[in-house]
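# Observations on the three-dimensional arrangement
Chain residues, written in single-letter form:
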Amino acid sequence: MQNNCLTSLNSIEEYLDIIDKELSIRKLQLNNLLDILNVLKEQDNNSLQFTFVRETIPTLYSHFEGFFKFCFINLIEYIKELDLDNSTINPQYIFFCLLTNLDDEHVNFKKKSKALSPLCSSIYADNSSYFNHINIRKYPLNQESFEYTLKMLNIDTQEIKFSYLKSFYKRRCAISHGQLDTSNAFSLLNSRSLTSNQISKALDIWQADFNVTLSSLDIIKKLFIEYIINEQFKI
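Here is a short report on the structure shown in this document.

The rules behind the values
Residues numbered from 1 in each chain as written. Predicted model: local features only at pLDDT ≥ 70, side-chain atom pairs only at ≥ 80, totals over all residues. Heavy atoms only, no water. Helix = DSSP H or I, 4+ residues; strand = E, 2+ residues; numbered from the N terminus. Expected span 1.5 Å × (residues − 1). Bend = angle between axes of the 7 residues up to and from the residue. Buried < 20%, exposed > 50% of the residue type's maximum accessible area, 1.4 Å probe, protein only. Contact = heavy atoms within 4.5 Å. Core = buried A, V, L, I, M, F, W, Y, C linked by side-chain atoms within 4.5 Å. Axes fitted to C-alpha atoms, helices over the stretch in contact; angles between N-to-C directions. Parallel < 35°, antiparallel > 145°, perpendicular 65-115°, else oblique. Nonpolar A, V, L, I, M, F, W, Y, C, P; charged D, E, K, R; others polar.

### Re helix H4 (residues 109-125)
With 17 residues, H4 should reach 24 Å at 1.5 Å per residue; the first-to-last C-alpha distance of 22 Å fits that figure. Helix geometry: H4 is bent most strongly at Leu116, by close to 30 degrees, with proline Pro118 lying one to four residues after it. Those residues of H4 that fall on the buried side of the exposure criterion are Ala115, Leu116, Leu119, Ser122 and Ile123. Elements in contact with the buried residues of H4: helix H3 (93-99). Asn127 sits one or two residues past H4 and shows a positive phi near 55 degrees.

Here's what the structure looks like:
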């Protein structure tokens, strides 16, 4: 997977190419996980199967969130390279300027005003491009901002399984932080050995998470590519 976005995307073809490559790498890694699980199933080792699915739930989710972040960051870089006048760009992009120019230290009106006043002056008085002021590295790309980011871009989100992804995220956090209640299929209690029912339930949940991850990657790719090709970033 590519850790850094490209600094120059000169054509739609380049954008599509890097998205395709990133998606291919992530799908390969995901399918490798499935292959490993299938080997463990053939060995009929319930304990190893349970450990594997429990420990890789966070990995599955990270592929969804990581791919969305990759597509979004490179989208911003692509549009920035077009060097469009603000009058031709969807005004929603001003939100990304504002959100990435306010830090946790800007806690009161005075500090917020000092931070935003020169930004607004540069954009509206000097006609400086929105994209010169979007500090994308400071934009919080996570489960909480995922849906709202797409809405700010005016991207149709009907195909995305938000409800399931939110449950998926909670499961990922509960496993990572050790905050599982005793009824959770992935809980570990020293006083209780794993039951076949618990293992079966955990495997079913993992498979569902795996399927949603794969389908979500395809949907994200489709939405961003359509956004670029149809120039939905323009007014």
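### Here we look at the nonpolar core
If you look at the biggest cluster of nonpolar residues, it comprises 71 residues, and the most contacted ones within it are Phe72, Leu75, Tyr93, Leu153, Phe186, Trp206 and Phe224. Every element with two or more residues in this core is listed here: helix H1 (12-43), helix H2 (46-82), H3, H4, helix H5 (143-152), helix H6 (162-177) and helix H7 (196-229). The dominant element in this core, judged by the number of residues it contributes, is H2, at 17 residues. Non-local contacts of Phe186, meaning those with residues more than four positions away in its chain, are made with Phe50, Val53, Arg54, Ile57, Arg171, Ile175, Leu180, Gln198, Ala202 and Ile205.

### Things to note about the packing of H2 against H7
Where H2 meets H7, the closest approach of the two axes is 9 Å, and the angle between their N-to-C directions is 10 degrees. Our classification of the angle between H2 and H7 gives roughly parallel. Tallied by class, residues from the contact of H2 with H7 come to 23 nonpolar, seven polar and two charged.

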